[in-house]
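# Close look at the chain arrangement
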Amino acid sequence: MGIINLIYLIIHGLGGGYLALYGETYCNKPKLIIFIGSFSVGLWGAYCFTVLILLFNKCLALYNIDMNRIVFNRTNILGWLTIPSIYFLLLLNFTPPLIFSTVNNSWYFYPYTEYPKYQNSIVPRINLFYHLNNYFTVLVPTISLTFYILKSLGKIMANKQTPKLKKIPINHTLIHTIVLTTIISLTSILLIIFHFNNKAIIGIICEIIILTANGAPSLLYLTLNDKMKHDIHTMFHYEPKSKTPIRIFKRKIEAIS
């Protein structure tokens, strides 16, 4: 997932900044814009799919840890990672790319958005798979949360008494997953709103939010991972316990002189 975020920030973030800075249009740089737009669609889809798989992993671990170990054992990890990769290739090669709008400094699927006088009925106005991906990213966590709440309420109604609170093994990885799922769900909601309301300000907000959503995992990992925090602290506050041979050699020279 970190690789997906890094590539997205480089291609979409720097690419979009370059296009906005130099005022490039689809007519001037069609290949570059199609390249960036295609990768943006594919990488966003792969990112959403990866986070949902991670969410499924954590939910299954809370429900049944033995089943989780069977489904996500070491031999199956490669298979789970293959699914987002195939999904990325499908979106990259077989769906319409995003097209950069120099006027609005945002990305659309219809290249004639900023030229209302020049309309083309052959060019697709939307990317159906991209929008279904956003709906799916919003619905799956919502349905999962609703199912969990209803199941808990059903147990309470069946027992007719308040059950004892169970201690859920919450670790940094679970918190990381919950935060990431919330971020991509909210981002997908904003992208859905942008689909129905193509105002420039909403497009710019979408750009900021989607880039933040791809940069957030690294910050979360640095914040929540104890080993990483310890390594970073050690790197900036390194004090060798033993004397180095160079210092010993210098002291010998000073003693001789």
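Residues numbered from 1 in each chain as written. Predicted model: local features only at pLDDT ≥ 70, side-chain atom pairs only at ≥ 80, totals over all residues. Heavy atoms only, no water.

### A look at the UniProt feature "transmembrane region" (unreviewed entry) in the chain
Annotation from UniProt places "transmembrane region" (unreviewed entry) at residues 7-26, 32-56, 77-100, 135-153, 174-194 and 200-222. Segment residues 7-26 splits into 80% helix and 0% strand. End C-alpha atoms: 22 Å apart. Each end of residues 32-56 is marked by a C-alpha atom, and these two atoms are 36 Å apart; helix forms 100% of the span and strand 0%. (UniProt positions renumbered as here; feature names shortened; annotations may be inferred. Helix = DSSP H or I, 4+ residues; strand = E, 2+ residues; numbered from the N terminus.)

### A look at the nonpolar core
Counting 33 residues, the largest nonpolar core has Trp 44, Tyr 47, Trp 107 and Tyr 130 as its most contacted members. Per element, the largest residue contribution to this core is 9 residues, and it comes from helix α2 (residues 30-63). Among residues more than four places away in sequence, those in contact with Tyr 130 are Val 41, Trp 44, Phe 109, Leu 191 and Ile 210. (Core = buried A, V, L, I, M, F, W, Y, C linked by side-chain atoms within 4.5 Å. Buried < 20%, exposed > 50% of the residue type's maximum accessible area, 1.4 Å probe, protein only. Contact = heavy atoms within 4.5 Å.)

### Remarks on the packing of α2 against helix α4 (residues 74-94)
The interhelical angle for the contact between α2 and α4, taken along N-to-C directions, is 155°, at an axis separation of 8 Å. Accordingly, the angle class assigned to the pair α2 and α4 is roughly antiparallel. Taken as a pair, α2 and α4 cross one another with a handedness that is right-handed. Here Ser 38, Phe 39, Val 41, Gly 42, Leu 43, Gly 45, Ala 46, Phe 49, Thr 50, Ile 53 and Phe 56 of α2 come into contact with α4, specifically with Trp 80, Ile 83, Pro 84, Tyr 87, Phe 88, Leu 91 and Leu 92. Split into classes, the residues belonging to the contact of α2 with α4 amount to 14 nonpolar, 4 polar and no charged. (Axes fitted to C-alpha atoms, helices over the stretch in contact; angles between N-to-C directions. Parallel < 35°, antiparallel > 145°, perpendicular 65-115°, else oblique. Left-handed = near helix turned anticlockwise from the far one by under 90°. Nonpolar A, V, L, I, M, F, W, Y, C, P; charged D, E, K, R; others polar.)

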